[in-house]
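Read off the chains here:
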Amino acid sequence: MTTIPVLHLIRVTCLTTLIALAGASEAALTKVVVALKPDKNPEAMAGERKELAAALGTRLGLPVEVIVPMSGAVLMEGLTNGSVDLGWLASTDVAKLLAPRPVGVLLAARLKGETAYRSVWLTLKERTYASPADLQGKPVAFASKTSTSGCIVPLHDLVQK
């Protein structure tokens, strides 16, 4: 048996609150589908998914299905077409969904009191780079191409500078 990580306990509390805030009556809902963005090893998420569904189902008194789609695009499509009731998304996905307005943000995570965070450029201590402009012609590494803070924002920053 695994132990539900703190993040999943937060998700249970938040999702319960979100459903209440959305004004969904228990009579109208027969099942709640929650989609989590794949953010780690799928095998590791399998046990957590079952525990999250059980914990949230107990709190809601409804069956809960927690799914982890293969990609964020599948999660976003589910929110758009109504096959997913709630989603745990990265900020980039939320921004894409808000543009055409098919969904609304009911809850945003706060880190140190902020709902936004900054990306930073890191370099070896012995390098004398003072700004992204100093990187012209030099090799640069990014995190995953879909990572907001590890690629998208720094790449945008680099292009702007």
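Bear in mind the structure is a predicted one, so any value in this text is a computation, not a measurement.

### Overview of the overall build of the protein chain
- Along the protein chain, the regular secondary structure elements total 5 helices and 3 strands.
- In the protein chain, the succession of helices and strands from N to C terminus is α-β-α-β-α-β-α-α.
- Looking at the protein chain residue by residue over its 161 residues, the buried ones come to 27%.
- Sequence separation of 24 or more characterises 60% of the internal contacts of the protein chain that already satisfy a separation of 6 or more.
- Carbon and sulfur atoms make up 59% of the accessible area of the protein chain, which amounts to about 10900 Å² in all.

### Side note on the nonpolar core
- With 13 residues, the main nonpolar core has Val32, Val34, Leu36, Leu60, Val64 and Val66 as its most contacted residues.
- The element that contributes the greatest number of residues to this core is helix H2 (residues 42-60), accounting for 5 residues.
- With residues near it in sequence (within four places) discarded, Val66 still touches Val34, Leu36, Arg49, Leu52 and Ala53.
- Counting 5 residues, the second-largest nonpolar core is a separate cluster that includes Val33, Ala35, Leu75 and Val84.

### Overview of the confidence of the model for the protein chain
- The predicted model of the protein chain averages 74 in pLDDT, with 72% of residues at 70 or higher.
- At the level of individual helices and strands, the protein chain shows its lowest average pLDDT in helix H1 (residues 6-21), which scores 50, and its highest in strand S2 (residues 64-67), which scores 90.

### Quick look at the environment of Lys37
- By the secondary structure assignment, Lys37 is in the loop between strand S1 (32-36) and H2.
- Each residue touching Lys37, except ones within four places of it in the same chain, is listed here: Met45, Val68, Gly72, Leu75, Trp88, Ala90 and Asp93.

### Observations regarding the sheet that holds S1
- The 3 strands are arranged S2-S1-S3 in an open sheet whose pairing can be described as parallel. Looking at the sheet topology across the chains shown, the edges are occupied by S2 and strand S3 (86-88). Direction aside, the axes of adjacent strands within the sheet are offset by 20° on average.
- Here 4 bridges tie S1 to S2, and the two strands are oriented parallel to one another.

### Topic: the pattern of salt bridges
- Taken as a whole and judged by the stated rule, the model has 1 salt bridge.
- A salt bridge links Lys31 to Glu65; the shortest N-O distance between them is 2.8 Å. Highlighted residues: Lys31 in the loop between H1 and S1 and Glu65 in strand S2, separated in sequence by 34 residues.
- For Glu65, a relative accessible area of 33% translates into the label partly exposed.

### Some details on the pairing of S1
- Among the 5 residues of S1, 5 are classified as buried, and the element is accordingly described as predominantly covered.
- Residues Val32, Val34 and Leu36 line one face of S1 and the alternating positions Val33 and Ala35 line the opposite face, and both faces are buried.
- The sheet contact formed by S1 and S3 spans 3 bridges and is parallel. Bridging across to S3, Ala35 finds its partner in Gly87.

### Topic: helix H3 (residues 72-81)
- Restricting attention to buried positions, one finds in H3 the residues Gly72, Leu75, Met76, Gly78 and Leu79. Projected down its long axis, H3 carries its buried residues within an arc of 155°, all on one side.
- Gly82 occupies a position one or two residues after H3 and carries a positive phi of about 90°.

Calculation rules
Residues numbered from 1 in each chain as written. Predicted model: local features only at pLDDT ≥ 70, side-chain atom pairs only at ≥ 80, totals over all residues. Heavy atoms only, no water. Helix = DSSP H or I, 4+ residues; strand = E, 2+ residues; numbered from the N terminus. Buried < 20%, exposed > 50% of the residue type's maximum accessible area, 1.4 Å probe, protein only. Contact = heavy atoms within 4.5 Å. Areas by Shrake-Rupley, 256 points an atom, 1.4 Å probe, with all protein chains shown as cover. Core = buried A, V, L, I, M, F, W, Y, C linked by side-chain atoms within 4.5 Å. pLDDT = per-residue confidence, 0-100. Pairing = 2+ DSSP bridges. Axes fitted to C-alpha atoms, helices over the stretch in contact; angles between N-to-C directions. Salt bridge = Lys/Arg side-chain N within 4 Å of Asp/Glu carboxyl O. Arc of directions from axis to C-beta.

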